[in-house]
Amino acid sequence: PGIIKPTVVNHQVDLCGHATLGAAHALWATGRVAKRRRIEFETKASGVLICEQSEGGWIEMDFPADPPSMAGEKASQAS
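Bear in mind the structure is a predicted one, so any value in this text is a computation, not a measurement.

Criteria and thresholds
- Residues numbered from 1 in each chain as written.
- Predicted model: local features only at pLDDT ≥ 70, side-chain atom pairs only at ≥ 80, totals over all residues.
- Heavy atoms only, no water.
- Helix = DSSP H or I, 4+ residues; strand = E, 2+ residues; numbered from the N terminus.
- Contact = heavy atoms within 4.5 Å.
- Areas by Shrake-Rupley, 256 points an atom, 1.4 Å probe, with all protein chains shown as cover.
- Core = buried A, V, L, I, M, F, W, Y, C linked by side-chain atoms within 4.5 Å.
- Buried < 20%, exposed > 50% of the residue type's maximum accessible area, 1.4 Å probe, protein only.
- Pairing = 2+ DSSP bridges.
- Expected span 1.5 Å × (residues − 1).
- Arc of directions from axis to C-beta.

**Q** I'm lost on the overall build of the protein chain in this one. Help?
**A** Assigned secondary structure in the protein chain consists of two helices and six strands. Ordered by position from N to C terminus, the α and β elements of the protein chain give β-β-β-α-β-β-β-α. When contacts within the protein chain are restricted to residue pairs at least 6 apart in sequence, long-range pairs at least 24 apart make up 34% of them. Per element, the accessible surface of the protein chain, about 6,000 Å² overall, is 55% carbon and sulfur.

Laid out in structure tokens, this is it:
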């Protein structure tokens, strides 16, 4: 997969959907990646984000999801 490192004022952010969307668009629009080819971006904290172009030309993004948990469960597991 490609690696994207979105930054804000010299700080790399964990996940930036707008940067991922823009990067996928730029790669397809410039021909660096074939239009119907799936693009995988490796992110710092969220793992791999997948972008695909739909039949209508829309960019579909598959974001990772954390499994559901009870409120406060993560906080109590961390201690």
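**Q** What exactly am I supposed to notice about the nonpolar core here?
**A** Nonpolar side chains in soluble globular proteins tend to be buried together. With seven residues, the main nonpolar core is built from Ala23, Ala24, Trp28, Val33, Ile39, Phe41 and Cys51. Elements represented by at least two residues in this core include exactly helix H1 (17-29) and strand E4 (39-43). With three residues, H1 is the single largest residue contributor to this core.

**Q** What is the right way to read the pairing of E4 from this model?
**A** On any regular strand, side chains alternate: one points to one face of the sheet, the next to the other face. The alternating pattern of E4 places Ile39, Phe41 and Thr43 on a buried face and Glu40 and Glu42 on a face that is not buried. One ladder, built from five bridges, connects E4 with strand E5 (residues 47-53); its direction is antiparallel. Across the sheet, the residue bridging to Glu40 is Ile50, located in E5. The hairpin turn running from E4 into E5, its antiparallel successor, is three residues long.

**Q** What am I meant to see in the environment of Phe41 here?
**A** Tracing the backbone shows Phe41 in strand E4. Under the relative-accessibility criterion, Phe41 is labelled buried at 4%. For the pair Phe41 and Ala24, spaced 17 residues apart in sequence, the C-alpha to C-alpha distance is 9.0 Å.

**Q** Please explain H1 as it appears in this structure.
**A** Given 3.6 residues to a turn, an α-helix orients residues that are three or four positions apart in the same direction. Here H1 contains 13 residues, and its C-alpha end-to-end distance of 18 Å stays within 8% of the 18 Å for a straight helix at 1.5 Å per residue. Where H1 is concerned, the buried positions are Thr20, Ala23, Ala24 and Trp28. Axial view of H1: buried residues confined to an arc of 125 degrees, hence all on one face. Buried residues along H1 sit in contact with E4, E5 and strand E6 (59-62).

**Q** How should the pairing of E5 be read in this particular structure?
**A** Judged from the four bridges that link them, E5 and E6 form a sheet pairing that is antiparallel. Considered in E6, the bridge of Gln53 is made with Ile59. Between E5 and E6, which pair antiparallel in sequence order, lie five residues; one of them, Gly57, sits at a positive phi of approximately 95 degrees.

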